[in-house]
Amino acid sequence: MDGSGAIEKNREALKRILLMLVSIAGFADGGSTLPRQLHRAILRLLRPAESAARRLIIAAARGIVVTLPPVRPRKPKPVTNEAVLRSLGIAVTMSHDDIRRAAAAKRAAAKRAARPRTTNLSLLDPLKHPFRVRRRYVPAHAVPRISGLDSSSPYRPLPPRPSPDDAVDASRLGQRLEALAAALDDLPGQAQRFARWKARHEAALARDRQARAAAVAQGRQAAIRFRRLSPLRRGRPPGGRLSRYDPTATHPRNIREVDEILAHAHALAVYALECPDTS
């Protein structure tokens, strides 16, 4: 199954949707805020578009083989008593070598902080917290009114009800739009990025299995490491409304074009993960 044609078709459709979102947001005017209603409307389309682009990257990475460099053993840190003495409040005199190393580390940290940061589209679906309990949210304008016995106490009115026209900070929204645009413009590069992540992930899982086998052979308890088994989240994709892709089905009116793109991209990504191209 060669899905390059379907990947390209969905990529062009996502670029068209992204162009529409950018034009609606109007970030070209230099503004950093949006009305609350418009901000939420863009998010409702941006979230499934990000999920679809992530799945197109996974589908495009099918068949890419990455050779990782050999793992370099970590150098053991020298054990000194300086940290213990400083924790006890005892002054420790630093040598000239320590002063030079501290100054070099400070200059390197300043150089990293001054370097422009690039926002990349996340290759992994956000996971649901297994122990998260949704609490009932009571807005500030609907809290109970408690009157005091003292009639001279000043009257404090409740905050007003949030309006759809309230200004909301849209800086994070702009970064997400830029990351999605960069991913759609460089889909082969993003596929290489995912292939590198997958190779590192599989190597880490292999090391964990070897460590557990060695621990069992020595009769000791192995350290438990929790790692993801798949870049995709179980169940329906984030932001999606369709459970599966069916081009011949008739959908209700609330199903948008981005939902059909996401369902198709999800099918392509699942096929790429379950049936990797080993040729």
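The rules behind each value
Numbering of residues begins from 1 in every chain and follows the order in which that chain's sequence is written. Reporting in this predicted model follows two pLDDT cut-offs: at least 70 for local features of residues, and 80 or more for side-chain atom pairs to be given and counted; totals over whole chains, interfaces and linings ignore these cut-offs and use all residues. Side-chain measures were taken over the full set of non-hydrogen atoms in the model, leaving aside hydrogen atoms and water. Helix and strand labels come from DSSP, where a helix needs a run of H or I of at least four residues and a strand needs a run of E of at least two; each type is numbered from the N terminus. Whether a residue is buried, partly exposed or exposed follows from its accessible area with a 1.4 Å probe, protein chains only, as a fraction of its type maximum: under 20%, in between, or over 50%, in that order. In what follows, a contact means two residues having at least one pair of non-hydrogen atoms within 4.5 Å. Side-chain atoms within 4.5 Å are what join buried Ala, Val, Leu, Ile, Met, Phe, Trp, Tyr and Cys residues into a set we call a nonpolar core. Two joining distances apply to patches: 9 Å for like charges and 5 Å for nonpolar side chains (Val, Leu, Ile, Met, Phe, Trp, Tyr), and every residue must have over 30% relative accessible area and no salt bridge. For the accessible areas, the method is Shrake-Rupley and the probe is 1.4 Å, while residue cover comes only from the protein chains on display. Think of a salt bridge as a Lys or Arg side-chain nitrogen and an Asp or Glu carboxyl oxygen that are within 4 Å of each other. To estimate how far a helix should reach, multiply one less than its number of residues by 1.5 Å. To obtain each axis, a line is fitted to C-alpha atoms, and for helices this fit is confined to the stretch in contact; angles are then taken between N-to-C directions over 0 to 180 degrees. Working rule for angles: under 35 degrees goes down as roughly parallel, over 145 as roughly antiparallel, 65 to 115 as roughly perpendicular, anything else as oblique. What makes a crossing left-handed is the near helix being turned counterclockwise from the far one by less than a right angle; a clockwise turn instead makes it right-handed. Each residue gets one label: Ala, Val, Leu, Ile, Met, Phe, Trp, Tyr, Cys and Pro are nonpolar, Asp, Glu, Lys and Arg are charged, and the others, such as Gly, are polar.

A. The arrangement of the side chain of Arg55 in detail. For Arg55, the location among the structural elements is in helix α2 (residues 36-60). We classify Arg55 as buried; its relative accessible area is 0%. With residues up to four places along the chain from it excluded, the contact list for Arg55 reads Asp125, Leu232, Pro237, Pro238, Leu262, Ala265, His266 and Ala269.

B. Summary view of the nonpolar core. In terms of nonpolar packing, the biggest core is built from 39 residues, with Leu14, Leu21, Ile57, Leu180 and Phe194 touching the most fellow members. Elements with a contribution of two residues or more to this core: α1 (4-25), α2, α5 (171-185), α6 (187-218) and α7 (257-274). Counting residues per element, this core draws most heavily on α2, which supplies ten residues. Setting aside residues no more than four positions away along its own chain, Leu14 makes contact with Ala49, Ala52, Ala53, Leu56, Leu184 and Ile261.

C. Molecular detail of a nonpolar patch on the surface. Nonpolar side chains collect at one region of the surface, where Val84, Leu85, Leu88 and Ile90 lie side by side and expose about 350 Å² of accessible area between them. Along the chain, the position of Leu88 falls in the loop between α3 (82-87) and α4 (96-114).

D. Examining α7 more closely. Here α7 is 18 residues long and its end C-alpha atoms lie 26 Å apart, about the 26 Å a rise of 1.5 Å per residue gives. Inspection of α7 places Val258, Asp259, Ile261, Leu262, Ala263, His264, Ala265, His266, Leu268, Ala269 and Ala272 among the buried residues, and these make up the whole buried set. At its buried positions, α7 is contacted by α1 and α2.

E. Main features of the side chain of Asp259. Tracing the backbone through its elements, the reader meets Asp259 in helix α7. Relative accessible area serves as the criterion here: at 1%, Asp259 is assigned to the buried category. Beyond its immediate sequence surroundings of up to four residues, Asp259 is in contact with Gly239, Gly240, Arg241, Leu242 and Asn254.

F. Geometry of the packing of α2 against α5. Between α2 and α5, whose axes approach to 10 Å, the crossing angle comes to 30°. By the angle between their axes, α2 is roughly parallel relative to α5. For the element pair α2 and α5, the recorded crossing hand is left-handed. Residues His39, Ile42, Leu43, Leu46, Arg47, Ala49, Glu50, Ala53 and Ile57 of α2 form the contact with α5, whose participating residues are Leu173, Arg176, Leu177, Leu180, Ala183 and Leu184. Its residues placed into classes, the contact of α2 with α5 shows eleven nonpolar, one polar and three charged.

G. Inspection of the pattern of salt bridges at higher detail. As enumerated under the stated definition, the model contains eleven salt bridges in all. Among the ionic pairs, Arg11 bridges to Glu8, the shortest N-O distance being 2.9 Å. Within this pair, Arg11 and its partner Glu8 are both found in helix α1, separated by three residues, close to a single helical turn. Under the relative-accessibility criterion, Arg11 is labelled buried at 13%. The partner of Arg227 in a salt bridge is Asp208, and the shortest N-O contact between them spans 2.5 Å. Taken together, the positions of Arg227 in the loop between α6 and α7 and Asp208 in helix α6 put the pair 19 residues apart, joining distant regions of the chain. Looking at Arg227, the relative accessible area reads 31%, which means it is partly exposed.

H. Structural context of the environment of Leu242. Structurally, the position occupied by Leu242 is in the loop between α6 and α7. Relative accessible area serves as the criterion here: at 13%, Leu242 is assigned to the buried category. Between the C-alpha atom of Leu242 and that of His264, which follows or precedes it by 22 residues, the distance is 9.7 Å. Apart from the residues within four sequence positions on either side, Leu242 is in contact with Arg236, His251, Ile255, Asp259, Glu260 and Ala263.

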